[in-house]
Structures are given as C-alpha cells and as structure tokens.
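One-letter residues, chain by chain:
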Amino acid sequence: MHPAPINPRDLRVSDAEREHVVTVLQKAIGRGLLDLDEFTRRTDTALASRTRAELNAVLVDLPGITHTDSGPASTRPVEFRNTMSSTKRDGRWVVPRSMRIYNRMGSTELDFTDAVIQHAEVHVEVDLAGGAVELLLPDGASVLADEVNVIAGSVTNKTAAGAGTPRFVVTGSVTAGSLTLRKPKYVRIGNMVVRRPWKVSWES
C-alpha cells in the first residue's frame, strides 16, 4: 500500500525560498502595491513560514507577482518622505536593501539596532533640506558616508571606522540641515541594561 502523495502546498521551504519571497515583496513595494508597514508584516510572516502554503500566502493578493517569479527585483528604493513633521522607525522592522530619505524641515530617525537586516550592504540616499536625519546603527555595522554632498549643513559620523557588516553606504545631499550617524552606548547596572538613546532592558 503506497502512502498518499504529499500536497505540494505542504512541502517544507528552505531559507533560500524565504529570501526569494522577501525579494519579491521588495519588488511589490517598489511598484506601489504595498506600503512599508505591510511590507514589514508580510516579510515577518515569510521569514517564519515553514510550508509553501504559508509562504505563498503573503503574495496571494499581489497581481502578477508570485513565488515563482524569477525576474529581476526592482531597484527602486523604499522611500521615507517627511515634510515639516517627524518620522521614526524602531523596534523589529525589516530593512530594505535600498532606501531614500526625503526630509524637508522635519526630523527623521531610523533605528536599525533591533531591525531585521538581511543584506550585507544597505544603501541609504539622503535628500535633506532643513531639519535633521539620524541613523542609529547596530553594533558591528560599518559606514561609508564620504559621498554625501553638504551645503550649509553638517554630517556627523560618530561610528568607529571598520569593515563590519552590514555595511551602510550613505549618499545624497544635506542642505541647511544635519545628518548624524551613530551607534548606541550601553551602561549595565546589575541585570539592568540602560541604552543611550534611552531604552532599558533586563538580562536574565
């Protein structure tokens, strides 16, 4: 007696397949089919998927985009737009391979310390005119920001030089504003860990 055939939807998926679907989701956000929050939620689901059915579920309502899509991923960066307001991203969010920060007389803060970073190199294009942009990078990361054009503004890189990963390549322009790149500092008091910028956690 032969066992019943396995439904292809129940087949287990590999890390390579999960990563491929994340790339497909990046293509969807580049086409305007998903916003950043939807992209983050679906990427979390994709990375936690065990079967093909679970993995394909994040693509089911995206027209013309499927798990088997082998075309080149869109190179259009994920954009953070901010005009005379504030934008902040922290906690566990999925970092795209390429992003653009458009900031006009506002403040943009991107905290990468607890984020999911799947790429060895992350490209950040800054278009800053007035206001401030701050990038808080994880321990071990390296930064290349020599190609940022500055006019009546400032770029402050407080990260130590090194060749760690992921590598953040920062380009673009700063006009009458400030761009700050730094890493957090930690103080341990018993089991309590205090991080600057302000965050408190407990070690078991």
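Preceding this section is the structure that the text describes.
Reference entry: report on the structure contained in this document.

### Regarding the pairing of strand β1 (residues 78–83)
Regular strands place their side chains on alternate faces of the sheet.
Okay, so step 1: Burial of the side chains of β1 is restricted to one face: V78, F80 and N82 are buried, whereas none of E79, R81 and T83 on the reverse face is.
Okay, so step 2: One ladder, built from six bridges, connects β1 with strand β4 (residues 98–111); its direction is parallel. Residue pairing for β4: R81 is matched across the bridge by Y102.

### Looking at the pattern of salt bridges
Okay, so step 1: By the definition in use, this model includes 13 salt bridges.
Okay, so step 2: A salt bridge links E54 to R50; the shortest N-O distance between them is 3.9 Å.
Okay, so step 3: When the shortest N-O distance is used, the salt bridge between R167 and E121 registers 3.1 Å. Of the two residues, R167 sits in strand β9 (residues 167–175) while E121 sits in strand β6 (residues 121–136), which places them 46 residues apart along the sequence.
Okay, so step 4: With a relative accessible area of 34%, R167 lands in the partly exposed category.
Okay, so step 5: A relative accessible area of 28% means that E121 is categorised as partly exposed.

### Examining helix α1 (residues 15–30)
Since the α-helix turns once every 3.6 residues, residues separated by three or four places project in the same direction.
Okay, so step 1: Counted at 1.5 Å a residue, the expected span for α1 with its 16 residues is 22 Å, and the 23 Å between its end C-alpha atoms agrees.
Okay, so step 2: Those residues of α1 that fall on the buried side of the exposure criterion are E17, R18, V21, V22, V24, L25, Q26, K27, A28, I29 and G30.
Okay, so step 3: If you follow the buried residues of α1, they end up packed against α2 (36–48), α3 (52–56) and β1.
Okay, so step 4: Where α1 terminates, the next one or two residues include G32, which has phi positive at roughly 80 degrees.

### Let's talk about unusual backbone geometry
Okay, so step 1: Unlike most non-glycine residues, M84 shows phi in positive territory, near 55 degrees.
Okay, so step 2: Of note in this structure, A152 is not a glycine but carries a positive phi near 55 degrees.
Okay, so step 3: Structurally, A152 can be placed in the loop between β7 (142–151) and β8 (154–157).
Okay, so step 4: Owing to a relative accessible area of 70%, A152 belongs among the exposed residues under this scheme.

### Concerning the environment of I29
Okay, so step 1: By the element assignment, I29 lies in helix α1.
Okay, so step 2: On a C-alpha basis, the gap between I29 and V78 in space is 7.1 Å, while along the polypeptide they are 49 residues apart.
Okay, so step 3: With residues near it in sequence (within four places) discarded, I29 still touches L34, D35, L36, F39 and V78.

### Describing α2
Okay, so step 1: Look at α2: 18 Å from first C-alpha to last across 13 residues, which is about the 18 Å you get at 1.5 Å a residue.
Okay, so step 2: Within α2, burial applies to L36, F39, T40, R42, T43 and A46.
Okay, so step 3: Along its buried surface, α2 packs onto α1, α3, β1, β2 (86–89) and β3 (94–95).
Okay, so step 4: Put simply, D35 is the residue that caps the front of α2, since its side-chain oxygen is 3.2 Å from the backbone nitrogen of D37.

The rules behind these values
- Residues numbered from 1 in each chain as written.
- Predicted model: local features only at pLDDT ≥ 70, side-chain atom pairs only at ≥ 80, totals over all residues.
- Heavy atoms only, no water.
- Buried < 20%, exposed > 50% of the residue type's maximum accessible area, 1.4 Å probe, protein only.
- Helix = DSSP H or I, 4+ residues; strand = E, 2+ residues; numbered from the N terminus.
- Pairing = 2+ DSSP bridges.
- Salt bridge = Lys/Arg side-chain N within 4 Å of Asp/Glu carboxyl O.
- Expected span 1.5 Å × (residues − 1).
- Contact = heavy atoms within 4.5 Å.
- Polar contact = N/O pair within 3.5 Å; in protein donor to acceptor, adjacent residues only side chain to side chain.

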